[in-house]
Amino acid sequence: MEKTPKKHPILGIRTLAPGVLLSVLVSVLALAAERIELRLTGGAWIEALVLAILIGSLVRLLLRRPEAFDPGIAFSAKYFLEVAIVLLGAGVSAAAIAGMGLPLIAAIAAVVATVLVASYGIGRGLGLSRRVALLVACGNSICGNSAIAATAPVIHADAEDVASSIAFTAVLGMVTVLLLPALVPLLGLSATGYGVMAGMTVYAVPQVLAATAPVSALSIQIGTFVKLMRVLMLGPVVFVLSLVSGKAGGRRPALHRLVPWFILGFLAMLFARSFGLIDAELAATMSRAATVLTILSMAALGLGIDLKRVLRAGPRVTVAVVLSLGLLVVASYAMVLMLNLATA
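What counts as what
- Residues numbered from 1 in each chain as written.
- Predicted model: local features only at pLDDT ≥ 70, side-chain atom pairs only at ≥ 80, totals over all residues.
- Heavy atoms only, no water.
- Helix = DSSP H or I, 4+ residues; strand = E, 2+ residues; numbered from the N terminus.
- Buried < 20%, exposed > 50% of the residue type's maximum accessible area, 1.4 Å probe, protein only.
- Contact = heavy atoms within 4.5 Å.
- Areas by Shrake-Rupley, 256 points an atom, 1.4 Å probe, with all protein chains shown as cover.
- pLDDT = per-residue confidence, 0-100.
- Lys, Arg positive; Asp, Glu negative; His and termini not counted.
- Salt bridge = Lys/Arg side-chain N within 4 Å of Asp/Glu carboxyl O.
- Polar contact = N/O pair within 3.5 Å; in protein donor to acceptor, adjacent residues only side chain to side chain.
- Patch = residues over 30% accessible without salt bridge, like charges linked within 9 Å, V, L, I, M, F, W, Y side chains within 5 Å.
- Phe/Tyr/Trp six-rings, centres within 6.5 Å; stacked < 30°, edge-to-face > 60°.
- Axes fitted to C-alpha atoms, helices over the stretch in contact; angles between N-to-C directions.
- Left-handed = near helix turned anticlockwise from the far one by under 90°.
- Nonpolar A, V, L, I, M, F, W, Y, C, P; charged D, E, K, R; others polar.
- Expected span 1.5 Å × (residues − 1).
- Bend = angle between axes of the 7 residues up to and from the residue.
- Core = buried A, V, L, I, M, F, W, Y, C linked by side-chain atoms within 4.5 Å.
- Parallel < 35°, antiparallel > 145°, perpendicular 65-115°, else oblique.

Of regular secondary structure, the protein chain possesses 18 helices and zero strands. Of all 344 residues assigned to the protein chain, the portion counted as buried reaches 47%. In the protein chain, the proportion of contacts linking residues at least 24 apart, taken out of those at least 6 apart, comes to 79%. Entry remark: accessible area of the protein chain is about 17,000 Å², with carbon and sulfur atoms responsible for 71%.

What follows is the structure, encoded as C-alpha cells:
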C-alpha cells in the first residue's frame, strides 16, 4: 500500500501566507484610518477593530480575489483571536478582584446576568438565530466588540454573524457615549452614580473615558472601575457558553473540546499575573499585542463576510441591540438606586 506523502511545513506556510498578508494589510489600513480620525476629531469614535471589519468587508465586496487567499484568511480569523484572548488574561489580577467591594461586584454580576438572559430572549423573539442573539446579548451586557469577538469561537458563530453584531453594536455604542451625559441632570445623578451608569452601559474602556470626562474626574475613576469589573464577567460567561455549546449535540465531548484551550490559557495567564510571574510592564505589552491580534482577526473576519447578507440582517439586529441597550440602561439605573448612589 502506497504511503501518503507528508505535507512539508513550508507548503503550509505558503498556503497561509496570501490570506495572512492580506489580513495584515487591511489591519494596517484600519490603524491608519483610526490615527487620521484621532488627528481630525481628537477621538477614535470608530475603533480600529470596527474599521478593520468595515475595510475588510469592502475589499471582499469590491475586489475579486483568488481562492488561494481563503486558507490564510480563515486561519487569521480563528487562531489570532484565540491567542489574543489568552494574552488578555495577563491584565487581570486575582488580588485586585478580592480587594473590590463585594456589594458592587455582586450587583454588577447580577445586572450582567439578567441583561444577558433578557437580551438573548429579545433577540430570539425578533427572529434572530441563536448565535446572533447570543452575540448581541454578550456584546451589550459585557463589553461590546471584545465580548462578541471572544464569544464567537465558543459558539461557532460564522463571520457574517460576528460582523453584523459588531457593526450595529459599534454604531449604537458611539451614540450612547454622546447622549449618556444628558442623564446626569435628568436623573439627578451624582458623580459616583453617573460613573456607575457609564461603566455599566458603555461598551469599551476608551468610550467610558469619553462619556465620563465631561462630568468629573470621580466619574472617570468610578466608571473605569465598574467597566473593568464588567469585563471580568466575560471569562465566566464564555466558560458557561462553552459548556452549553459542548452539550448541545447530545453527546458529552472530550474535556479538551468541552473547555476551549484559549479559556484555559486565559485562566493560566490570570494566575501567573496574580502570583507575580507577570509584572505590570509585561502585562501592558501583552495587552497591546492582544489588541493588535484582535484587529488582525477582525480584518480577516471582514474579508470572509458577505456584506450583502449582513445588510439583509440589519433591521432585526438593530432593533435587538437598541432594546437590549435600553434594558441595560434601566437595569443600571435600578442598580444605582439600590446602592444609594443617585445623590451626592
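From this point on, the discussion continues.
With that settled, consider the confidence of the model for the protein chain. Within the protein chain, residue pLDDT values average 78, and 81% of them lie at 70 or more. Below a pLDDT of 50 lies the segment residues 1-11, which in the model reaches one contact outside its immediate sequence neighbourhood of four places, other chains included. Ignoring residues within four places in sequence, the model shows residues 248-258, a span with pLDDT below 50, making eight contacts including any to other chains.

Attention shifts here to the side chain of glutamate 34. With respect to the helices and strands, the residue glutamate 34 is situated in helix α1 (residues 9-41). Comment: no salt bridge for buried glutamate 34; closest opposite-charge side chain is arginine 35, at 7.1 Å. Separated by 3.0 Å, the side chain of glutamate 34 and the backbone nitrogen of alanine 48 make a polar contact.

A separate point is a nonpolar patch on the surface. A cluster of nonpolar side chains, Leu264, Leu267, Phe271, Phe275 and Leu277, forms an exposed patch at the surface whose accessible area comes to about 580 Å². Within the secondary structure, leucine 264 sits in helix α15 (residues 261-274).

In the structure shown here, the tally under the stated rule is two aromatic pairs. Considering the side-chain rings of phenylalanine 75 and tyrosine 79, the 5.1 Å spacing of their centres and the 40° angle between planes classify their relative orientation as tilted. Remark: tyrosine 79 and phenylalanine 75 occur in helix α3 (residues 70-88); sequence separation between them is four residues, near one turn of the helix. For phenylalanine 75, a relative accessible area of 27% corresponds to the partly exposed category. We classify tyrosine 79 as partly exposed; its relative accessible area is 38%. The interplanar angle of 85° and the centroid separation of 5.7 Å between the aromatic rings of phenylalanine 75 and phenylalanine 80 together place this pair among those described as edge-to-face. Three or more aromatic residues joined by ring pairs form one cluster here, namely Phe75, Tyr79 and Phe80.

A few words now on the packing of helix α6 (residues 130-143) against helix α7 (residues 145-155). Put simply, α6 and α7 touch, their axes get as near as 8 Å, and they point 145° apart. Crossing angle aside, the handedness with which α6 passes α7 is right-handed. Taking contact as the criterion, the partners of Arg130, Arg131, Leu134, Leu135, Cys138, Gly139, Ile142 and Cys143 in α6 are, on α7, Asn145, Ser146, Ala147, Ile148, Thr151, Ala152 and Ile155. For the contact of α6 with α7, the residue count by class is nine nonpolar, four polar and two charged.

Another aspect to go through is α3. Here α3 contains 19 residues, and its C-alpha end-to-end distance of 27 Å stays within 8% of the 27 Å for a straight helix at 1.5 Å per residue. The axis of α3 is deflected most strongly, by about 25°, at serine 76. Turning to α3, its buried residues are Gly72, Ile73, Ser76, Ala77, Phe80, Leu81, Glu82, Ala84, Ile85, Val86 and Leu87.

Turning to the environment of alanine 299, a few remarks are in order. Examined against the element boundaries, alanine 299 turns out to sit in helix α16 (residues 280-303). In this structure alanine 299 touches Ser23, Val26, Ser27, Ala52 and Gly56, once residues within four positions along its chain are discounted.

This brings us to the side chain of threonine 201. Position of threonine 201 relative to the elements: it lies in helix α10 (residues 191-201). In this structure threonine 201 comes out as buried when scored by relative accessible area, which is 1%. Residues within four places of threonine 201 in sequence aside, it is in contact with Thr176, Leu180, Arg230, Leu325, Leu328, Val329 and Ser332.

What follows concerns unusual backbone geometry. Phi at histidine 156 takes a positive value of approximately 60°, unusual for a residue other than glycine. Mapped onto the elements, histidine 156 comes out in the loop between α7 and α8 (159-179).

So, on to the nonpolar core. With 84 residues, the main nonpolar core has Ile108, Ile142, Val162, Ile166, Met200, Met298 and Met335 as its most contacted residues. A per-element tally of this core places α6 first, with nine residues. Among the nonpolar cores identified, the runner-up in size contains 12 residues, and Ala84, Ala90, Ala272 and Ile278 belong to it.

Now for helix α12 (residues 217-232). Over its 16 residues, α12 extends 23 Å from the first C-alpha to the last, a length consistent with the 22 Å expected when each residue adds 1.5 Å. Residues Ser219, Gly223, Thr224, Val226, Lys227, Met229 and Arg230 constitute the buried set of α12.

Looking at the secondary structure, you find leucine 180 in the loop between α8 and α9 (183-187). Given the relative accessible area of 4%, leucine 180 is considered buried. In sequence terms leucine 180 and threonine 212 are 32 residues apart; their C-alpha atoms lie 8.8 Å from each other.

Taken N-terminus to C-terminus, the directions of α3 and α16 make an angle of 155°; their axes are 8 Å apart at the nearest point. If you check the angle between α3 and α16, you find them roughly antiparallel. The element α3 and its partner α16 pack so that their crossing is left-handed. Counting all contacts with α3, which are made through Ile73, Ser76, Ala77, Phe80, Leu81, Val83, Ala84, Leu87 and Leu88, the residues of α16 involved are Met286, Ala289, Ala290, Leu293, Thr294, Leu296, Ser297, Met298, Ala300, Leu301 and Leu303. For the contact of α3 with α16, the per-class residue count stands at 17 nonpolar, three polar and no charged.

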